[in-house]
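Architecture and fold: a report
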Amino acid sequence: MNLASSSRRGKQARRSDMETMRERFAKLLLGEDMSGGEKGVTSALALSNAITNLADSMFGDQVKLQPMDLKRKKIWRKEMDWLLSVVDHIVQFVPSTQVAKTGDFTEIMVTKKRDDLLINIPALRKLDSVLLETLDKFKDHKDFWYVPKDVENTENNGDWRKDEKCWLPVVKVPSDGLTEESRKFLRSQKESVAQVLKAATAINALVLSEMHIPDNYIDSLPKGKTSLGDFLYKSITDEYFDPGYFLSSLDLSSKHKVLDLKNRIEASMVIWKRKMNHKEQWGSFVSLEKRELFEVRVETILAMLKQKVPEIIQSSLEISKIKNNKDVGHAILESYSRVLESLASKIMTRIDGVLEADVLVHIQLMEEAERRSESDAEPEYEKNEKVVSAVTPNSTKLADLIGWSFSSDTEHSLTSDVELVHEAEQEKDIMKSPFRIQPMKLSYLAKLEKLRSPSERH
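Cut-offs and rules
- Residues numbered from 1 in each chain as written.
- Predicted model: local features only at pLDDT ≥ 70, side-chain atom pairs only at ≥ 80, totals over all residues.
- Heavy atoms only, no water.
- Axes fitted to C-alpha atoms, helices over the stretch in contact; angles between N-to-C directions.
- Helix = DSSP H or I, 4+ residues; strand = E, 2+ residues; numbered from the N terminus.
- Parallel < 35°, antiparallel > 145°, perpendicular 65-115°, else oblique.
- Contact = heavy atoms within 4.5 Å.
- Pairing = 2+ DSSP bridges.
- Left-handed = near helix turned anticlockwise from the far one by under 90°.
- Nonpolar A, V, L, I, M, F, W, Y, C, P; charged D, E, K, R; others polar.
- Expected span 1.5 Å × (residues − 1).
- Polar contact = N/O pair within 3.5 Å; in protein donor to acceptor, adjacent residues only side chain to side chain.
- Salt bridge = Lys/Arg side-chain N within 4 Å of Asp/Glu carboxyl O.
- Phe/Tyr/Trp six-rings, centres within 6.5 Å; stacked < 30°, edge-to-face > 60°.
- Buried < 20%, exposed > 50% of the residue type's maximum accessible area, 1.4 Å probe, protein only.

Here we come to the packing of helix α3 (residues 70–84) against helix α4 (residues 115–136). Two numbers describe how α3 lies on α4: the axes approach to 13 Å, and their chain directions differ by 175°. Between α3 and α4, the angle falls in the class roughly antiparallel. Contacts between α3 and α4 involve K73, W76, R77, D81 and L84 from the former and I121, R125, D128, L132 and D136 from the latter.

Structure, rendered in structure tokens:
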């Protein structure tokens, strides 16, 4: 009974998968226009959108460092196999030699999978597996955990940074920070994911460079150096150019400013390449060597910009290429590498969040230790004063040493006597001073006046 029921469930599951696959491919064949009208897109764009939408539904909620849900992982692998099965039928004709029964050699054309698909599809599948395995390694990791954003705001009385994404949970680490083993584990996983990100970015950039530039994008380009602006144009065409210093001197504080810079540089690169290919006039002072040098400079800036801001939004040129692309193979490679690039960047951001939380905890521990040391270690002179005041709370007087004891009246009289002695000494000093006031000498008549009786004087 169990075997019969399991086989029945297996048949139902396969039947359900067949229906789902038919629905997916019917949508692709109709160009996402199920009405069968003329609003459908090309097969290449439909496949690109299908891979992008599938990745969004599978990895859109992956906001924590934890294994992917088993059901979602199964759906991801199954539906990606369906979409990638198209690649098996994208072939190219290559010459080959056939030996006839008579022994004669005949040259014929045989089919072979296209070289770029033959190399890059297995590489992307491997990168996909590495990312999912990286998430699986965080299954039993308990050195950090997550709390909802609203709980964190309540604990901090609503004080949180406004630039943070409000839908992301807040990562927490123990009060004494992560262990050294956990720290090494996180760093090793970050390095592994960084290699995946680098490989996916390289494949995506290669595929985009091979796509045809649409005519409508070329028609929308500005004429002259206005695509870059005076400052960017002078900086790139200067004799001495440092791409690192050039990027550090620009304002890249927001994604929109980064995207604007990328659009300007890509537009100028397209213009310069067209001038080189069509031998258009740059001006009498620009040689062919300098044109090639400028092209290398802008390509270097683009590569460094993408490394510095991995989550940069697609530029106008990239969107235009993807929308107007008709090569199904390029569409699959571009979309698959792009979603893996996005997932790798997301995992690296989550790992950085845990490491940053660990650093903040260590900073708080150091600040608390400094406050405790400052409160415990008082200045040396304050300690000495406390010791002296504890031993001699009041200043010792001569009378205390001799053993005399006085009443309050006696002490007052002694104080008065001391003051009198002090005043007498001051008078003596004044008398000894060369600037003391001399007694006025009286004349003979004044003396006679003093000898008169008081009655006579009045």
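Alright, that's what it looks like, and here's the rest.
For strand β1 (residues 91–99) and strand β2 (residues 105–113), the ladder comprises 9 bridges, and the chain directions are antiparallel. Its bridge partner lying in β2, S96 is registered against I108. In this structure, the hairpin formed by β1 and β2 is closed by a connection of 5 residues, where G103 is found at a positive phi of approximately 95°.

Two numbers describe how α3 lies on helix α13 (residues 328–376): the axes approach to 12 Å, and their chain directions differ by 160°. Classed by the angle they form, the pair α3 and α13 counts as roughly antiparallel. By crossing handedness, the relation of α3 to α13 is classed as left-handed. Contact residues: α3 offers W76, M80, L83 and L84, while α13 offers I332, Y336 and V339. Broken down by class, the residue content of the contact of α3 with α13 amounts to 7 nonpolar, no polar and no charged.

Moving on: α4. The terminal C-alpha atoms of α4, which comprises 22 residues, lie 33 Å apart, in line with the 32 Å expected from a rise of 1.5 Å per residue. Contacts from the buried residues of α4 go to α2 (43–59), α3, β2, α6 (180–210) and α13.

Below, the discussion takes up the side chain of D358. Note on placement: D358 falls in helix α13. A polar side-chain atom of D358 sits 2.8 Å from the main-chain amide nitrogen of L178.

By the definition in use, this model includes 15 salt bridges. A salt bridge links D116 to R114, with the shortest nitrogen-to-oxygen separation between them at 3.0 Å. Where K190 meets D352, a salt bridge forms, and the shortest distance between an N and an O atom there is 2.7 Å. Taken as a pair, K190 in helix α6 and D352 in helix α13 lie far apart in primary sequence, 162 residues in all. Within this structure, R114, D116 and D327 form a network of salt bridges that share partners.

Our next topic: the environment of V91. Take V91: it is sitting in strand β1. For the pair V91 and K112, spaced 21 residues apart in sequence, the C-alpha to C-alpha distance is 5.2 Å. Among all residues touching V91, those that are not within four sequence positions of it are T111, K112, K113 and R114.

On to the packing of aromatic side chains. All told, the structure shown has 5 aromatic pairs when counted by the stated rule. When the centroid spacing of 5.3 Å and the interplanar angle of 65° are considered together, the rings of F138 and F185 count as edge-to-face. Taken together, the residues span a long stretch of sequence, with F138 in the loop between α4 and β3 (145–147) and F185 in helix α6 at a distance of 47 residues. Look at F138 and you get buried, because its relative accessible area is 3%. Both rings, one in F144 and one in Y146, keep their centres 6.2 Å apart while their planes meet at 85°; by these two values the pair is edge-to-face. The exposure class of F144 is buried, given its relative accessible area of 6%.

This next bit is on the environment of E311. Assignment of secondary structure puts E311 in the loop between α11 (288–308) and α12 (316–324). Look at E311 and you get partly exposed, because its relative accessible area is 34%. C-alpha separation for the pair E311 and S342, spaced 31 residues apart in sequence, amounts to 7.1 Å. Ignoring any residue separated from it by four or fewer positions in sequence, one finds E311 in contact with K255, S345, K346 and T349.

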